[in-house]
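What follows is the residue order along each chain.
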Amino acid sequence: MPLTGEYEPSTMGWAREQAELYERTDGAEGATLRDRPVVVMTSIGAKSGKLRKTPLMRVEHDGEYAVVASLGGAPHHPAWYYNLVAHPQVELQDGAVKRDYVAREVTGEEREIWWRRAAEVWPDYDEYQKKTDRVIPVFVLTPI
Ligand SMILES: C[C@H](OP(=O)(O)OC[C@@H](O)[C@@H](O)[C@@H](O)Cn1c2nc(=O)[nH]c(=O)c-2cc2ccc(O)cc21)C(=O)N[C@@H](CCC(=O)N[C@@H](CCC(=O)O)C(=O)O)C(=O)O
């Protein structure tokens, strides 16, 4: 059941433009970042209750996806982290396919396994983790 609600664009211009281009072209355009694959996640705002759309690196394994709340190694989590904690049901668009998922934050060995998969897609994640004391959260999205 697709998420419903009022879309509130991101305040990060380049990410907003990529999310909107991706969605408008069914993933035919805006589907990469430096030639690496991107997906678009829709979450429900923890405070606003509005729909938020967030381009993220595509980390997929056996039908599940990981999303990494790296924010380039900033000292704080991205806002969408709090959306997933408050409302774990999200939508993920991968190319032209949009499906519903439930997000759960992973830790320990499971986080390690997914972190390695993510760093294979986007090696900069390892650099981001070196830049900050916070443990960069990883969520696994399981189809529902
Ligand atoms: C810019 C900010 O968005 P953010 O949720 O902090 O996310 C920041 C970034 O992570 C986001 O822009 C990502 O898309 C950046 N980004 C990646 N960001 C990542 O963290 N990881 C990635 O792998 C990643 C890949 C990526 C690929 C392409 C691309 O274009 C961007 C990419 C924003 O829009 N803030 C809003 C609020 C957003 C929000 O969700 N608010 C919640 C409240 C949240 C709370 O409780 O604090 C609400 O609506 O209720 C604002 O300032 O008004």
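For the structure given in this document, a descriptive report is provided here.

### Quick notes on the overall build of the protein
Stage number 1. When helices and strands are tallied, the protein shows four helices and eight strands.
Stage number 2. Listing each helix as α and each strand as β along the protein from the N terminus yields α-β-β-β-β-β-α-β-β-α-α-β.
Stage number 3. Computed over the C-alpha atoms, the radius of gyration of the protein is 14 Å, within 12% of the 15 Å expected from 2.2 N^0.38 for a compact globule of 144 residues.
Stage number 4. Within the protein, buried positions represent 43% of all 144 residues.
Stage number 5. Across the protein, every contact between residues at least 6 apart in sequence was considered, and the portion connecting residues at least 24 apart equals 65%.
Stage number 6. Carbon and sulfur atoms provide 53% of the accessible area of the protein, an area that totals close to 7600 Å².

### A word on the pattern of salt bridges
Stage number 1. The final tally for this structure, using the stated rule, is 11 salt bridges.
Stage number 2. Two residues, Arg116 and Asp126, come together in a salt bridge whose shortest N-O distance is 3.1 Å. Remark: Asp126 occurs in helix α4 (residues 124-131) and Arg116 occurs in helix α3 (residues 108-121); sequence separation between them is 10 residues.
Stage number 3. Taking relative accessible area as the criterion, Asp126 reaches 25% and is therefore assigned partly exposed.
Stage number 4. Linked by salt bridges that have partners in common, Glu23, Lys53, Glu91 and Lys98 make up one network.

### Examining the site of the ligand
Stage number 1. In the region of the ligand, 26 residues are neighbours, and Gln18, Lys47, Ser48, Ala79 and Tyr125 sit closest.
Stage number 2. Contact with the protein chains covers 83% of the free accessible surface of the ligand, which is 1000 Å².
Stage number 3. Secondary-structure elements contributing two or more residues to the shell around the ligand are α1 (13-24), β3 (51-57) and α2 (79-86).
Stage number 4. Here the element with the most residues in the shell around the ligand is β3; it accounts for five residues.
Stage number 5. Each residue belonging to the shell around the ligand can be placed in one class, and the counts come to 16 nonpolar, eight polar and two charged.

### Points about the environment of Val39
Stage number 1. Summarising the element assignment, Val39 is placed in strand β2 (residues 36-44).
Stage number 2. With a relative accessible area of 1%, Val39 lands in the buried category.
Stage number 3. Those residues within four positions of Val39 in sequence are excluded, and the remaining contacts are Tyr22, Thr54, Pro55, Leu56, Met57, Arg58, Tyr65, Leu92, Gln93 and Asp94.

### Overview of unusual backbone geometry
Stage number 1. Even without being a glycine, Arg34 presents a positive backbone phi close to 50°.
Stage number 2. Locating Arg34 in the fold gives a position in the loop between β1 (32-33) and β2.

### Some points on the packing of aromatic side chains
Stage number 1. Evaluation of the coordinates by the stated rule reveals six aromatic pairs.
Stage number 2. Seen from their ring centres, Trp80 and Phe139 are 6.3 Å apart, and the 50° between their planes marks the pair as tilted. With Trp80 in helix α2 and Phe139 in strand β8 (residues 138-143), this residue pair connects regions lying 59 residues apart in the sequence.
Stage number 3. Its relative accessible area of 2% is what places Phe139 among the buried residues.
Stage number 4. One aromatic cluster is present, formed by Trp80, Tyr81, Tyr82 and Phe139 through successive ring pairs.
Stage number 5. Here the basic side chain of Lys53 rests over the ring of Tyr7, its NZ or CZ set 5.9 Å away from the ring centre.
Stage number 6. For Arg117, the ring lying beneath its charged end belongs to Trp114, and the centroid distance is 4.5 Å.

Analysis parameters
- Residues numbered from 1 in each chain as written.
- Predicted model: local features only at pLDDT ≥ 70, side-chain atom pairs only at ≥ 80, totals over all residues.
- Heavy atoms only, no water.
- Helix = DSSP H or I, 4+ residues; strand = E, 2+ residues; numbered from the N terminus.
- Rg over C-alpha atoms; globule rule 2.2 N^0.38 Å.
- Buried < 20%, exposed > 50% of the residue type's maximum accessible area, 1.4 Å probe, protein only.
- Contact = heavy atoms within 4.5 Å.
- Areas by Shrake-Rupley, 256 points an atom, 1.4 Å probe, with all protein chains shown as cover.
- Salt bridge = Lys/Arg side-chain N within 4 Å of Asp/Glu carboxyl O.
- Near = heavy atom within 4 Å.
- Nonpolar A, V, L, I, M, F, W, Y, C, P; charged D, E, K, R; others polar.
- Phe/Tyr/Trp six-rings, centres within 6.5 Å; stacked < 30°, edge-to-face > 60°.
- Lys NZ or Arg CZ within 6 Å of the ring centre and 35° of its normal.

Geometric descriptors of this kind do not, in isolation, establish any biological role.
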